[in-house]
Amino acid sequence: MKKFLRFVGELKTWGCLSFTGAVCIYSAIDWLTGGESMAYSLIWQLLAMCGVITLLQYVFFSGQVLKKLNYGLRLGIFCPLVFAVVLAFAWVFRWFPMERPGAWVSFVVIFLAAFLILCLGFELYFRIMGAKYDEHLGRAQKRSRDMKK
């Protein structure tokens, strides 16, 4: 039961981050192109898409499913899978004019830029958190050594 609750907690957190990011990215692009509102149907589409991506993220980055796969390889497999999911949603729900090559180029560029920015953001976050944990661990070890003297 404890594992299941941890699994649900991780999925909820990752899903919320994914959905919030997707809505923010869409909103920024929509605002830049003169849009003024977001349809409820698109919100549900983004939520479903983020649910699938969250499951992929869990498989590749939680350490619960793939335990010994190199981080670069994880990212190298994860990115095309996420692109396929986003592409499928874009195609099925006609997020842009499918017959216009310029729209496809924009779609790919936006996806790659967003993916890169999100990866760099997570990398920066984990480095900062790692440094904080190392600092706390160092202080705890120093206290432990001082107490033994």
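This write-up is about the structure you can find in this document.

Each value, and the rule that gives it
Residue numbers restart at each chain and count upward from 1, following the sequence in its written direction. Local features in this predicted model are restricted to residues whose pLDDT is 70 or higher, and side-chain atom pairs enter the listing and the counts only when it is 80 or higher, whereas totals over whole chains, interfaces and linings include all residues. Neither water nor hydrogens contribute to the side-chain values; these are computed over all heavy atoms in the structure. Here a salt bridge means any side-chain nitrogen of Lys or Arg lying within 4 Å of a carboxyl oxygen belonging to Asp or Glu. Only runs of H or I of at least four residues qualify as helices and only runs of E of at least two qualify as strands under DSSP, and these elements are numbered from the N terminus. Each residue's exposure class comes from its accessible area (1.4 Å probe, protein chains only) as a fraction of the maximum for that residue type: buried when under 20%, exposed when over 50%, partly exposed otherwise. Paired rings are identified among Phe, Tyr and Trp, the last through its six-membered ring, by centres lying within 6.5 Å, and are further divided according to the angle between planes into stacked (under 30 degrees), edge-to-face (over 60) and tilted (the rest). Cation placement over rings: the criterion is NZ of Lys or CZ of Arg within 6 Å of the ring centroid and within 35° of the ring normal.

### Details of the pattern of salt bridges
Charged atoms that come close allow side chains of opposite charge to pair.
Moving on, step 1. Here the structure, examined in full by the defined rule, presents 2 salt bridges.
Moving on, step 2. The partner of Arg127 in a salt bridge is Glu123, and the shortest N-O contact between them spans 3.1 Å. Within this pair, Arg127 and its partner Glu123 are both found in helix H4 (residues 101-148), separated by 4 residues, close to a single helical turn.
Moving on, step 3. Using a relative accessible area of 29% as the deciding quantity, one classes Glu123 as partly exposed.
Moving on, step 4. For the salt bridge of Glu135 with Arg139, the shortest nitrogen-to-oxygen distance reads 2.8 Å. Highlighted residues: Glu135 and Arg139, both in helix H4, separated by 4 residues, approximately one helical turn.
Moving on, step 5. Assessed through its relative accessible area of 47%, Glu135 is described here as partly exposed.
Moving on, step 6. Classification of Arg139 by relative accessible area gives partly exposed; the value is 41%.

### Digging into the packing of aromatic side chains
Moving on, step 1. Taken as a whole and assessed by the stated rule, the structure comprises 12 aromatic pairs.
Moving on, step 2. Plain terms: the ring middles of Phe83 and Phe111 are 4.9 Å apart, the flat faces sit at 65 degrees to each other, and that makes the pair edge-to-face. In this pair, Phe83 sits in helix H3 (residues 71-92) while Phe111 sits in helix H4, placing the two residues 28 residues apart along the sequence.
Moving on, step 3. Arranged with centres 6.1 Å apart and planes meeting at 35 degrees, the rings of Trp91 and Trp104 form a pair that is tilted. With Trp91 in helix H3 and Trp104 in helix H4, the pair connects residues that are 13 residues apart, well separated along the chain.
Moving on, step 4. For Trp104, a relative accessible area of 23% corresponds to the partly exposed category.
Moving on, step 5. Members of the aromatic cluster, connected to one another through ring pairs, are Phe60, Phe61, Tyr71, Phe78, Phe83, Trp91, Phe96, Trp104, Phe107, Phe111 and Phe115.
Moving on, step 6. Here the guanidinium or amino end of Arg94 rests over the ring plane of Trp91, the centre of that ring lying 5.4 Å away.

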